[in-house]
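Here are the chains, one letter per residue:
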Amino acid sequence: MGSADSTAEDVPVDIEQAAIESAELTTEPMAFLQGLNSENLMQFSQQSVLREMMLQDLPGQVNTLPKLENHNIGGYNFSMVLDEPPKSHWMFSVPLNKLYIRMNKIFNVDVQFKAKMPIQPLNLRVFLCFSKDVSGPVLRCQNHLSLEPLTNPKIRESLLRCENPNSVYCGSAQGKGISERYSVLVPLNMCRSGNRSGGHVRQTLAFKFVCQNSCFGRKETNLVFCLENASGDIVGQQVIEVKICTCPKRDRNQEERQINGKKRKSLADGTDEDELDVKPSKMRRRKGSFKSDIKKEETESNDSHDIESAADWKVSRTEDGEYHLAITCPKKEWLLQGIEGMIREAATGVLRNPNQENLRRHANNLLSLKKRACELP
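K.L.:
What's the story with the packing of helix α11 (residues 332-352) against helix α12 (residues 357-374) in this structure? I'm lost.
P.N.:
Two measures define how a pair of helices packs: the angle their axes make with one another and the distance between the axes. Contact pair α11 / α12: the axes reach a minimum separation of 9 Å and the direction vectors enclose 160°. In terms of their interaxial angle, α11 and α12 are classed as roughly antiparallel. When the axes of α11 and α12 are compared, the crossing they make is left-handed. Of the residues in α12, those touching α11 at Lys-332, Leu-335, Leu-336, Ile-339, Glu-340, Met-342, Ile-343, Ala-346, Gly-349 and Val-350 are Leu-359, Arg-360, His-362, Ala-363, Leu-366, Leu-367, Leu-369, Lys-370, Ala-373 and Cys-374. Classifying every residue of the contact of α11 with α12 gives 14 nonpolar, two polar and four charged.

Right under this line is the structure:
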């Protein structure tokens, strides 16, 4: 498999110069691609600079407030695996997506992501965030802070610790943005001899907490894992809830019972409302088939909801064998994300089939579409 340097030798000088100049522009890289004609786009797709620019087009979020959502906008299929060992000091609830752990106890997380060419250095940034106030920094309490020596102030102030070598502690007590708040940055191992299967890289990281949720008013917290490229752009994110407590097993069982109780109560409330709509005489006559009638009504309700939702989507196939999609989005941000996803797919198609005119035309049309979408109010 050739490297980026070997493929770049065949690219015309003017294209290389254009790529260098584009890095100095303040406009987004996709706007630069839009200025290329079809012939240049074909030549441009034959080297790794296009891949670089596609990554640069990802939204830089390191200086913004964190969003508690999972995404894989960089195409790395970023995910995490928490294998709960027997008789451990931590537990993970699958239905709640929540980690329960004791203070100063280590838990392991297997980070998994897809290996993409060209190989780029990736980092994992991990930090704690309040569930209901993402702008509020999560700080250590003075009681536990006073028990730790002043050997390394940066590590001492961080509530989250990573046991892996080469971990870097970032941020300050006043930081609100992702790169400014207390976090741990861990360089990920991209060595080909590492643990890989199915084109994915898997690496085990070890963390612990040095304070409890009770130290900051028992506020609910989330643990955010951000996969970042060399430029600091977030290309993938996974979020789990976390509760640092003295009795993980008790708290997990209690909260799972509460969730199950709420589900049963909501089902019971729905049954009571249905019973009020039925006359007593009909209740006796329909006693044997009452449950089946409820299931039928739920099915009809779900079907009608699906029909209403499908009204916002129109999918068809043209006479020449291509596909047509019309979608109504409630938010402009979702629309732009959808267009950017199609642009990345189209660019990948151009990379693999540089001689297909219809793919290059489709990529240019998507770039124009994004420009028009950005101009919408």
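K.L.:
Would you take a moment to explain the environment of Asn-253 for this structure?
P.N.:
Its place among the elements puts Asn-253 in helix α8 (residues 248-276). Accessibility expressed as a relative area gives 24% for Asn-253, which makes it partly exposed.

K.L.:
Would you mind showing me how to read the pairing of strand β4 (residues 107-114) here?
P.N.:
Looking along a regular strand, one sees the side chains alternate between the two faces of the sheet. Where strand β1 (residues 79-81) and β4 come together, three bridges link them in antiparallel fashion. Residue pairing for β4: Val-81 is matched across the bridge by Asp-110.

K.L.:
Got a minute to help me understand the side chain of Gln-203 in this structure?
P.N.:
Mapping Gln-203 onto the fold places it in strand β10 (residues 200-209). With relative accessibility at 15%, the residue Gln-203 sits in the buried group. Of note is the side chain of Gln-203, whose polar atom sits 2.7 Å from the backbone nitrogen of Asn-189. What Gln-203 contacts, discounting residues up to four positions off in sequence, is Val-109, Asp-110, Val-111, Pro-187, Leu-188 and Asn-189.

About the thresholds
Residues numbered from 1 in each chain as written. Predicted model: local features only at pLDDT ≥ 70, side-chain atom pairs only at ≥ 80, totals over all residues. Heavy atoms only, no water. Axes fitted to C-alpha atoms, helices over the stretch in contact; angles between N-to-C directions. Helix = DSSP H or I, 4+ residues; strand = E, 2+ residues; numbered from the N terminus. Parallel < 35°, antiparallel > 145°, perpendicular 65-115°, else oblique. Left-handed = near helix turned anticlockwise from the far one by under 90°. Contact = heavy atoms within 4.5 Å. Nonpolar A, V, L, I, M, F, W, Y, C, P; charged D, E, K, R; others polar. Buried < 20%, exposed > 50% of the residue type's maximum accessible area, 1.4 Å probe, protein only. Pairing = 2+ DSSP bridges. Polar contact = N/O pair within 3.5 Å; in protein donor to acceptor, adjacent residues only side chain to side chain.

By themselves, these figures tell us nothing about what the structure is for.
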